[in-house]
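Structural features, examined
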Amino acid sequence: MAYYIGYDLGSSSVKAALVDASSGQSIGITNYPENEMKIISLETGWAEQQPELWWKNIIKVTEKLLTETGVSSSQIKGIGIAYQMHGLVTVDKDHNVLRPSIIWCDSRAVNIGNQAFFEVGKEKCISHLLNSPGNFTLSKLKWVKENEPEVYSKIYKFLLPGDFISLKLTGKPTTTISGLSEGIMWDFKENKPAEWLFEHFGISTDLIPEIVPTFSDQGLVNKEAAKEIGLPEGIPVLYRSGDQPNNALSLNVLNPGEIAATGGTSGVVYALTDRTDSKESVRINSFAHVNYTKEKPVIGKLLNINGAGIQYSWMKSQLASSSSYNDINELAARVPVGSDGLRIIPFGNGAERMLENTNNGSSIFNLNFNKHQSQHLFRAALEGIAFAFVYGINILKEDGVEVSRIRAGNDNLFRSEIFSKTIATLTNAKIDIMDSTGAVGAARAAGVANKDFETLESAFSENEKVLTYYPLTDKQQYKDAYDSWVQYLENRYK
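Description of the structure in this document. (Residues numbered from 1 in each chain as written. Predicted model: local features only at pLDDT ≥ 70, side-chain atom pairs only at ≥ 80, totals over all residues. Heavy atoms only, no water.)

Below, the discussion takes up the sheet that holds strand β20 (residues 405–409). If you trace the seven strands from one edge of the open sheet to the other, you get β16-β17-β15-β14-β20-β21-β22, paired in mixed fashion. Of all strands in the sheet, those bounded by a partner on one side alone are β16 (285–288) and β22 (465–469). Recorded for the sheet is a direction-independent mean angle of 25° between the axes of neighbouring strands. Here strand β21 (residues 431–434) pairs with β22 via four bridges, running antiparallel. Bridge pairing links D432 to T468 in β22. (Pairing = 2+ DSSP bridges. Helix = DSSP H or I, 4+ residues; strand = E, 2+ residues; numbered from the N terminus. Axes fitted to C-alpha atoms, helices over the stretch in contact; angles between N-to-C directions.)

Here's what the structure looks like:
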């Protein structure tokens, strides 16, 4: 028996999975550490982590996975890596880390990116980068140049978090087109790094690591790494991707018109299109998907909803702390579509990008003390979050996405029939609920790169489909409730 190992490096923990190299079936998934990894915040809005801690946790999670599955390390034939997007790691010529990683949720470089967007010009940024430079990796590197010149002067290469893990495994600093695009460093028109933006920031393109294909032999595990991690020396790193593109791959979302959605504390809608243009640069971010090529461009358009599951969690803790989510979902189901006029705006978890970075909190409208009970609040909360997803999907449609199918992980929000059927009905797209994880997807992608699976699709199994929600034919009640919600939203926030 032979296996591929996949890692998913998050900011909370590292997940690892093993898949059978002949069938693609998952045979084990685990994570480490049990408690969330520490995020360092020396100033308001800062967020940093130690890259060497990531590596230590990769070592620990590998040992834990092999122990739990009983698989011998000698049976591992390749590695796939998924990772938290947009982070910045800097290393010197000896590959020593020069400072903690500035991770995805750090906001110190916002003004740098915004200023570059103004100075370089909106039209050029959107047509070439598909984005504003924003608070992404290259802007963070510019912050280091301006504020830590002694660190900047020692930089040999900058890396994304997954690039760093690959460096630790292989000793080779490399990156990918998809990775450069997530850091807003890839020129889609010229099909090369955005040299003009590096020049504007005064940053040498010599700091860019070697660019390797997303699916390829990206280097071999060296002797030092093999000794530390317990994997065979000489096996290849075969795949690397940021977590949101990889999550889409893990859900078998690979073609234009398909959407990968997640409904955790925050919500993410990641839609695929073959259009390399965008009218949006703030509300939506566009990146090269894992199967992007110049000849067949597949672009992932990412829309984030901060106020999602956190709203429902808050509602549960305040009104039904001893109940399960299934219990309150059943209560919500007793209330008709539209919650008897009760409307809830869920945006109470920081600035919402899709509302042009406004931060006006959550709101409840039409609360009637003589009519509405706790179950109305539960249903209105679910509907409000679902309406926020639909509102975001409509923004994506206006930006050229044609929605054909939605796939989502089997998490709390999508387990709710009210939530999922509301989205399916209003978008007129079926929703497949899948039992899959990013680490499994990364392991399977390694198998695709190594030719054990002929195509990405062949590495997946329909057995992982938990259920499908179909659009309802009677849509009017849903449409009326949604239109009313949008009216309250736009009167409140615009």
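This next bit is on the side chain of D187. Mapped onto the elements, D187 comes out in strand β10 (residues 186–187). Side chain to side chain, D187 and H128 meet in a polar contact 2.9 Å long. In this structure the side chain of D187 is engaged in a polar contact, spanning 2.8 Å, whose partner is the side chain of W196. If near-sequence neighbours (up to four positions away) are discounted, D187 is found in contact with H128, K192, P193, A194 and W196. (Polar contact = N/O pair within 3.5 Å; in protein donor to acceptor, adjacent residues only side chain to side chain. Contact = heavy atoms within 4.5 Å.)

Of all the residues in helix α12 (residues 325–332), the buried ones are I328, N329 and A332. Looking straight down α12, one finds its buried side chains confined to an arc of 105°; they lie on one side. Across from the buried face of α12, at angles greater than 90 degrees, the exposed residues are N326 and E330. The secondary structure elements touched by the buried residues of α12 are α11 (309–319), α13 (374–398) and α15 (417–427). (Buried < 20%, exposed > 50% of the residue type's maximum accessible area, 1.4 Å probe, protein only. Arc of directions from axis to C-beta.)

Here the focus is the layout of surface pockets. By volume, the second largest pocket is sized at about 270 Å³. In terms of lining residues, the second largest pocket is bounded by 14 residues, among which F215, N291, V448, T455 and L456 are the most central. (1 Å grid on protein atoms, 1.4 Å probe; cavity = no way out; pocket = protein on both sides within 12 Å on 5 of 7 lines; lining within 4 Å. Points joined across faces, edges and corners; volume = space filled by probe spheres on them.)

A separate point is α11. Of the residues making up α11, those classed as buried are G309, Q311, Y312, M315 and K316. Projected down its long axis, α11 shows its buried positions confined to an angular sector of 160°, all on one face.

To continue, consider the environment of E210. Along the chain, the position of E210 falls in strand β12 (residues 210–211). When sequence neighbours within four positions are dropped, the list of residues in contact with E210 reads K172, P173, T174 and T175.

An order of β3-β2-β1-β5-β13 is seen for the five strands of this open sheet, with the pairing classed as mixed. Two strands in the sheet have a free side with no partner beyond their single neighbour: β3 (26–32) and β13 (237–242). Pairs of neighbouring strands in the sheet enclose a mean axial angle of 15°, with direction left out of account. Relative to β13, strand β5 (residues 76–83) runs parallel, the two sharing five bridges. The residue of β13 that forms the bridge with G80 is Y239. Strand contacts of helix α1 (residues 51–69): β1 (3–9), β2 (14–20), β3 and β5, with the helix running at about 140° to β3, the strand carrying the most contacts. Across the face of the sheet, helix α6 (residues 161–170) comes into contact with β1, β5 and β13 while running at roughly 155° to β5.

The next subject is the packing of α15 against helix α17 (residues 476–493). In contact at an axis separation of 10 Å, α15 and α17 are set at 95° when each is read in the N-to-C sense. In terms of their interaxial angle, α15 and α17 are classed as roughly perpendicular. Of the residues in α17, those in contact with T422, T425 and L426 of α15 are Y478, K479 and Y482. Each residue belonging to the contact of α15 with α17 can be placed in one class, and the counts come to three nonpolar, two polar and one charged. (Parallel < 35°, antiparallel > 145°, perpendicular 65-115°, else oblique. Nonpolar A, V, L, I, M, F, W, Y, C, P; charged D, E, K, R; others polar.)

Counted according to the given criterion, the structure contains 20 salt bridges. Close ionic contact of E48 with R108 constitutes a salt bridge, the shortest N to O distance being 2.8 Å. Separated by 60 residues along the polypeptide, E48 in strand β4 (residues 48–49) and R108 in the loop between β7 (101–102) and α2 (110–120) bring together distant segments of the chain. Just as E48 is buried, R108 falls in that class too. Between R275 and D277 there is a salt bridge; the shortest N-O distance is 3.0 Å. On the basis of relative accessibility, which here comes to 34%, the residue D277 falls in the partly exposed class. Put simply, E48, R99, D106, R108 and E148 are held in one network by salt bridges that share partners. (Salt bridge = Lys/Arg side-chain N within 4 Å of Asp/Glu carboxyl O.)

Right, let's talk about the environment of H200 for a bit. Within the secondary structure, H200 is located in helix α8 (residues 195–201). Residues H200 and I177, 23 residues apart in the sequence, show an inter-C-alpha distance of 20 Å. For H200, the contacting residues outside a window of four places in its chain are A116, E119 and V120.

Here β20 lies mainly inside the structure; five of its five residues are buried. As judged from the four bridges shared by strand β14 (residues 258–263) and β20, these two strands associate in the parallel manner. Bridged to E258 within β20 is R405. Relative to β21, β20 runs parallel, the two sharing four bridges. Each residue of the ladder has a partner; that of G409, found in β21, is M434.

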